[in-house]
Amino acid sequence: MLDLVLFTIAWIVGSVLLEWLFHALNQYGTYFYTASSQAVDGEHAVAFILTILAPVIAFVVVMLIYNFIRFRARAGDTNLRSRHQFRTNKLFIGVWVLVSIGLNLLFFVHPSASALEQMFNSEQARLNRQDLEVDVVARQWQWFFSYPQYGISSAQDANGNATLYLPVNRNVKFVLRSYDPWHTYDPYIGVIHGFWIPAFGLKQDIIPGETRYMYVHTSKVTSYDVNPMVRVQCTEVCGPGHPYMEAPVHVVSAGDFQTWVKKQLKLQSD
Amino acid sequence: MSSTFAGTSESFLRKGRRMLPPVVRGLFWAAIGFFVVNTLVSQALDRTPFAPYVTKVSVTFGWAAATCGWLLGLGAWELVVRPYFGKPVEWEVPNDWRRYFMMSLDHKVVGLQYMVSSVSGFFIAGLAAMLMRLELMNSSLWTFPTPNAYLSTVGIHGTIMMFSFGTVMLVSGFGNYLIPLMIGSNSSAFPRVSAISQWLLPAGIITVALSPILGTWTTGWRGYAPLAEQDPNGIVFYYLGVFAMTLSSLLVSINLTATILFKRAKGLTWNRIPMYAWGILAASLLNIIWIPEIEMTFILALVSNVASLPLFAQIGTPLTYMEVFWLFGHPEVYIVVVPAFALWQEFLPVMGQKTLFGRAWGVLGLVFVMMFSGLVWAHHMFTNMRDDQMLPFSFFTEMISIPTGFAFLTSIGTVWKSKLRLTTPTLLVFMSMFNFLIGGVTGVMLADPVINLQAHDTFFVVGHFHYTIIGAMVFTFMAAAYYWLPKFSGRMYSEFWGKVGAIWVFVAFNCAFGQFLLIGLRGMNRWVPVYPPYLRNMNFEISLFAFLLGLGFLFNLVHIVWMWRYGKPAKANPWNAKTLEWQSTAMPGETNFNPPPEVLTGFYDYSDEQPVWKPESPVEVS
Amino acid sequence: MAKNFGVTTEDMPTSIQAGVSTTEPWTVIRHPAVLRLSPRERRLGNFGMALFVISQAIPYFVLVNVRWMMAGGYIPPNLNHQLGGLWPTILLAIGTVLVSLGVEANRSGKISRLQWSFTASVVLGVAAIVLMLIPLWVHGWNTFGHYGSIYVICQGVAVFYTIIAVIVVLGVVFRAGTGLIGPQTSFGPQSAAVVYTFNAIAWFGLYVALYLV
Ligand code: HEM
Ligand SMILES: [Cu+2]
Ligand SMILES: [Cu+2]
């Protein structure tokens, strides 16, 4: 009985501490920098899971420590065996099994299914008529971004490096393909790449021979210069150039975006 | 027929038949096999322009010939080929150190051979990890000459760790040594099978470790097509090496499954089967199903690579390799951890001298994990599948944490109110449970698609799987090494240095891999020797802890090897355990049980002092 | 040590079967290539064979699976599936009947009948291998098209497994020749027949899945 009470107290203290720790970590922004609504969804999902799991983690950790200290064999004890011998405890096992099933069902309903639901919705065609469309082509080992709605065939900065500009508070539809624009006839040259912008909270693999889509909703003005997580990064190993497959991203106001478009068009016609 | 045999028995007694030492003979035959076949293929059968001596095709056949030569030289000639032609089996194994350098039919010798091969694999791959961490101390290329060299090192690290250590140590190493002992048998079911399979393992390790000689490869441990199709010949050695290593595990699994089902001592009924045997049974069944699957996949990739078929290229089906790889890949991780779970349930009752809690739930957990493991593979592929396919895989992935939790349930229930001896194995099991808890929590997070799409292919995932593999498997392996050291060597380790080693590894591990998780959340992606400079400081620090971890493993190795030779002599049953392996004092080369034991009760009940076994009364004395 | 060697197989301890003699367990392994098995040992052997066969059936599932993934692939020109598919299937089917007849013959002690039918099935197996290899050799290599690499690979896998099956069956012929096989030692022919039959069935399944479905 005493053990149960002591343990319960320790467990509660441990849970509170952990809740506080997780909360603090979340406040601090430990989970990626977030600049899109999709990224915020992910942040909420992590916070939710950790909040629910804190007592569970605390239970196991406190249990391990408590057992280790409280039930250790003492020096000079001649009798090796424990006095308490039991094979089972229906209540404990029953609660354990039910709680673990319950928690998993909960996590499946929320955040897994609920967040996915939201994602599916955001991908429905009727909601995406106004989207800014960006054609993304990955070749070994380079990104190409083109904006068909604006006639920009390959967005570049002053140095000729690929760069991605997006207006804030817009739905963006990325059209993802993997091929080599200069060697389209070579079927062996296409490999799988991964299109990832850490600050946007999701990634999508790009499969040679297929077209894939990724949708985000930009939510703050930011750029690679503000936070290095605002970058395009290839995440699927694609050969020796894989680490170099990155490109800066700029999320700018609608006005700035128009200015940028004009500049690009001018650059292109020169 | 009997006369045939009586006739040949004369020749048995021919003494001093001269023969090269088997390892030398194996190397020699392997070299001959390679040169003959490679020359034949590259210079005659499949001559290409300029006739380079080594081509993708020739090296494949040359390797196969070399491996056959290696196995034949080590004893398969006497044990398999001569009997195949009807000649009697004649194989002499000197009863001294030399028995470790040839095929042996003693499961204890085979177990030790496996352990040594496997630990060598661990340290070779560990060295690769140290080199990787050295490179990552700087955000630009400085340790390796090219990104390719780094990527090959990642691949070698992952491949050798998984296929020569993770999958092998607890199943083929400890399993071969201990399973026959624990079920009261004098031998495994098919001793020749394990004798042969052991020697495939070093062949595989060497093949993968030396693969860069043929050219660096970039795919990582998955060897995944279509990228692999661009790689130079090194990738061929990846496929071949992994093929050898997995074949080794497959053969052992068939042998151990048959052993557990058929070689049990009298009275060792189904409900008395040791927990470790359950773990091995579950892992073996996974091996038997999934290893042939992945081997066929490797062959498909190898053939389409060597013959340059467009199977997985853009005009073929580029995602299929990944799919069939992960179809195996996920069960693979349970092959790694299930025996570890079983070992928790093996050690804790002994160390606490208390009856195992909820034994049926423990077994159920192992079996359900095994069955679920085939249903979750696509969670490795959320970033390249259709949306509606995500939910079922997410569901099963989350559900698999339930049977996994049973391992915690039984362990915690067992130590509650026990009299826990705080020995090094106990400490390591507790550390292992803590680490796996973190692995499990990060796993539940990754099962959630929204989080997965963000964290996939970052160091968060790398941290997660090292927490599960090192956390659960390596720590438990260390516990097992200390626990059974007195059994293997007859000597005891030093409790003080054992604990120092455990705490050292635990602290270094958590400091290094805890930060893997965090740096992943800051945008560090995988397979990169070069990364944006803002990640440098954290990487630098992680590397320091990684080196500390590497030294910690080395320290434990030195401690164990030292005590193996110079430790204090141990009692026959130092932990006062009830399981059968402690009831035999047989060393390699000796009979385990003579006469065979008869089991009287289960092994995990510490409530009474009744003997668990008695010698089986001899049926008739001849 | 030596006292084990004068004995006849009849009174040899059964534990010896796996290469373990009771007195000097591992140092000196000497016994005839084929042993009499106790019923339990025979069941153990059968179980091991079953595990082996189950595990070897899985590669075929992978092949069929990949075949479905390759929807839209075409059979390469000159990969003649009459020659490389139908005829080997027939030959292997006859071989299967022969090996099972051989096993029966052995059970009733007719060793020469066993030898005859096993040899015949080896010959049929070799013929099947040759027939499978011909289209593999002459088919049109096209590494840039949809001309089903998977068919080529399946054909190659079938050749490989048939070679294994033939080698296994041939071993029984050799050992029967040295007088080691008889009604008492029927495990060898039996398990060889299982391997041969398995290969025939698996190839038949693959053939149907590849060319007929
Ligand atoms: C000695 C401590 C270890 C350290 C410091 C270490 C470190 C690393 C690092 C830095 C990576 C590369 C991650 C990337 O860029 O993708 C990696 C990958 C990997 N490690 Fe370890 N590791 C250790 C032990 C282990 C062990 C014991 C295992 C398994 C038994 C293991 C299995 C793997 C696997 C499978 C990969 C993936 C390789 C790939 O991406 O192809 N590691 N490890
Ligand atoms: Cu890429
Ligand atoms: Cu890449």
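Fair warning: this is a prediction, and the values are worked out from it, not measured in the lab.

## Describing the interface of chain B and chain A
It is common to give the size of an interface as the accessible area lost on bringing the parts into contact. Facing 96 residues of chain B, the contacting portion of chain A comprises 89 residues. A buried area of about 8,300 Å², summed over both sides, lies between chain B and chain A, and 67% of it is on carbon and sulfur atoms. Broken down residue by residue, the surface that chain B buries against chain A is led by B:Trp416, B:Lys419 and B:Gln454, which jointly contribute 10%. Here A:Glu236 ties to B:Arg222 by a salt bridge, and the two come within 2.8 Å at their closest N and O atoms. The interface formed by chain B and chain A holds 35 residue pairs in polar contact (both at pLDDT 80 or more) in total. Grouping the amino acids of the side of chain B that touches chain A by side-chain chemistry returns 52 nonpolar, 26 polar and 18 charged.

## Re the coordination of the copper ion (ligand 2)
Residue and element names in this part refer to chain A. Every protein donor of the copper ion (ligand 2) is listed here as His193 (ND1), Cys234 (SG), Cys238 (SG) and Met245 (SD), and their distances to the metal cover 1.9 to 2.6 Å. Coordination at the copper ion (ligand 2) is tetrahedral: its four donor atoms span angles of 95 to 131 degrees at the metal. Mapped onto the sequence, the residues coordinating the copper ion (ligand 2) show the spacing H-x40-C-x3-C-x6-M. A spacing of 2.6 Å is found between the copper ion (ligand 2) and the copper ion (ligand 3), which share Cys234 as a donor.

## Overview of the packing of helix α2 (residues 37-70) of chain A against helix α3 (residues 90-122) of chain A
All names here are of chain A. Where α2 meets α3, the axes come as close as 11 Å, and the angle between the chain directions of the two elements is 175 degrees. Compared by their axis directions, α2 and α3 come out roughly antiparallel. Together, Gln38, Asp41, Ala45, Phe48, Ile49, Ile52, Leu53, Val56 and Phe59 of α2 and Phe92, Trp96, Leu103, Leu106, Phe107, His110, Pro111, Gln118 and Ser122 of α3 make up the contact between the two elements.

## Concerning the site of ligand 1
Residues and elements named next belong to chain B. Within the structure, ligand 1 sits among 26 residues, and His157, Trp221, His466, Arg526 and Trp527 are positioned closest to it. Note that an oxygen atom of ligand 1 is positioned 2.6 Å from one of the backbone N or O atoms of Trp221. Take Arg526: an N or O atom from its side chain is 2.6 Å from an oxygen atom of ligand 1. Listing elements by their share of the shell around ligand 1, those giving two or more residues are α4 (107-136), α5 (147-166), α16 (459-489), α17 (495-521) and α18 (536-566). Tallying contributions element by element places α16 first for the shell around ligand 1, with seven residues. The class makeup of the residues in the shell around ligand 1 is 20 nonpolar, four polar and two charged.

## Details of the domain arrangement of chain A
Residues and elements named next belong to chain A. If you check the domain split of chain A, you get domain 1 (2-72 + 92-122) and domain 2 (132-269). Each of domain 1 and domain 2 was reduced to a C-alpha centroid, and the two centroids are 36 Å apart. Contacts between domain 1 and domain 2 engage nine residues on the former and 17 residues on the latter. Here domain 1 packs against domain 2, burying approximately 1,100 Å² in sum over the two surfaces, 58% of which is carbon and sulfur. Of all residues in domain 1, Tyr33, Ala35 and Gln38 give up the largest surface area on contact with domain 2, accounting jointly for 56% of the area buried on that side. For the interface between domain 1 and domain 2, the tally reads zero salt bridges. Per-element accounting of the side of domain 1 that touches domain 2 gives the leading share, three residues, to α2. Of the residues in the side of domain 1 that touches domain 2, the class split is four nonpolar, five polar and no charged.

Conventions adopted
- Residues numbered from 1 in each chain as written.
- Chains lettered and ligands numbered in written order.
- Predicted model: local features only at pLDDT ≥ 70, side-chain atom pairs only at ≥ 80, totals over all residues.
- Heavy atoms only, no water.
- Contact = heavy atoms within 4.5 Å.
- Buried area = accessible area lost by both parts, 1.4 Å probe.
- Salt bridge = Lys/Arg side-chain N within 4 Å of Asp/Glu carboxyl O.
- Polar contact = N/O pair within 3.5 Å; in protein donor to acceptor, adjacent residues only side chain to side chain.
- Nonpolar A, V, L, I, M, F, W, Y, C, P; charged D, E, K, R; others polar.
- Donors = N, O, S within 2.8 Å, 3.2 Å for Na, K, Ca; no water.
- Tetrahedral: all angles 85-135°; square planar, octahedral: opposite > 155°, others 65-115°.
- Axes fitted to C-alpha atoms, helices over the stretch in contact; angles between N-to-C directions.
- Helix = DSSP H or I, 4+ residues; strand = E, 2+ residues; numbered from the N terminus.
- Parallel < 35°, antiparallel > 145°, perpendicular 65-115°, else oblique.
- Near = heavy atom within 4 Å.
- Domains from an automatic or database assignment.

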